[in-house]
Amino acid sequence: MNDLVRLSACQFVDKMRTGESCAVEVLNAHVGVIEASNPNVNTLVALCLERAQDEAKSADRCSTKAKSTNVLPAGLSREGLPIGLQIIGPPNSDLRLLQLAHGFEQASHKSNG
């Protein structure tokens, strides 16, 4: 499994800031997990990959236009499929977005723990 699907929000933001990763790469990593899981999941899965690609590209463009953006893993479904959350804020709101992401992660750990 691609390590990008296991990153915390803060780890992912660090990788985006250093240019090691981008939203499109994270999306593609999650799509890989979905495609690998689909044969084992006994349900109908409808993916909106074109829209997701457009939104990931938009998030990457936003981050290069001095807007703050944060894409973080929001866990896995019962079937093991990845769920993500994207937060976009005004320029120079990185700290606030990291605080929101941290709060989300803390709440997620409490509800899953």
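One can find the structure itself at the top, above this paragraph.
So, how was this worked out
- Residues numbered from 1 in each chain as written.
- Predicted model: local features only at pLDDT ≥ 70, side-chain atom pairs only at ≥ 80, totals over all residues.
- Heavy atoms only, no water.
- Core = buried A, V, L, I, M, F, W, Y, C linked by side-chain atoms within 4.5 Å.
- Buried < 20%, exposed > 50% of the residue type's maximum accessible area, 1.4 Å probe, protein only.
- Helix = DSSP H or I, 4+ residues; strand = E, 2+ residues; numbered from the N terminus.
- Contact = heavy atoms within 4.5 Å.
- Salt bridge = Lys/Arg side-chain N within 4 Å of Asp/Glu carboxyl O.
- Polar contact = N/O pair within 3.5 Å; in protein donor to acceptor, adjacent residues only side chain to side chain.
- Expected span 1.5 Å × (residues − 1).

Caption draft 1: Summary view of the nonpolar core. The biggest cluster of nonpolar side chains holds 15 residues, and the ones touching the most others in it are Leu-4, Phe-12, Ala-23 and Ala-56. When contributions to this core are tallied by element, the ones reaching two or more residues are helix 1 (9-17), helix 2 (23-37) and helix 3 (49-64). For Ala-56, the residues in contact, after removing those within four places along its chain, are Ala-23, Val-24 and Leu-27. Counting residues in hydrophobic clusters, the runner-up holds five residues, among them Ala-9, Leu-72, Ile-87 and Ala-101.

Caption draft 2: Seen up close, the pattern of salt bridges. Per the counting criterion, the structure on display carries two salt bridges. Glu-55 is paired through a salt bridge with Arg-51; the nearest N and O atoms lie 2.8 Å apart. On the criterion of helical spacing, the pair formed by Glu-55 and Arg-51 is a turn pair, its members being four residues apart in helix 3.

Caption draft 3: Just the side chain of Ser-93, in detail. By the secondary structure assignment, Ser-93 is in the loop between strand 2 (82-91) and helix 4 (94-112). Ser-93 sits in the buried class, given a relative accessible area of 12%. Among the polar contacts made by the side chain of Ser-93, one reaches the main-chain carbonyl oxygen of Pro-90 at a distance of 2.6 Å.

Caption draft 4: Quick peek at helix 2. Taking 1.5 Å of rise per residue, 15 residues should cover 21 Å, and helix 2 covers 21 Å from first to last C-alpha, within 8% of that figure. Restricting attention to buried positions, one finds in helix 2 the residues Ala-23, Val-24, Val-26, Leu-27, Ala-29, His-30, Val-31, Val-33, Ile-34 and Ser-37.

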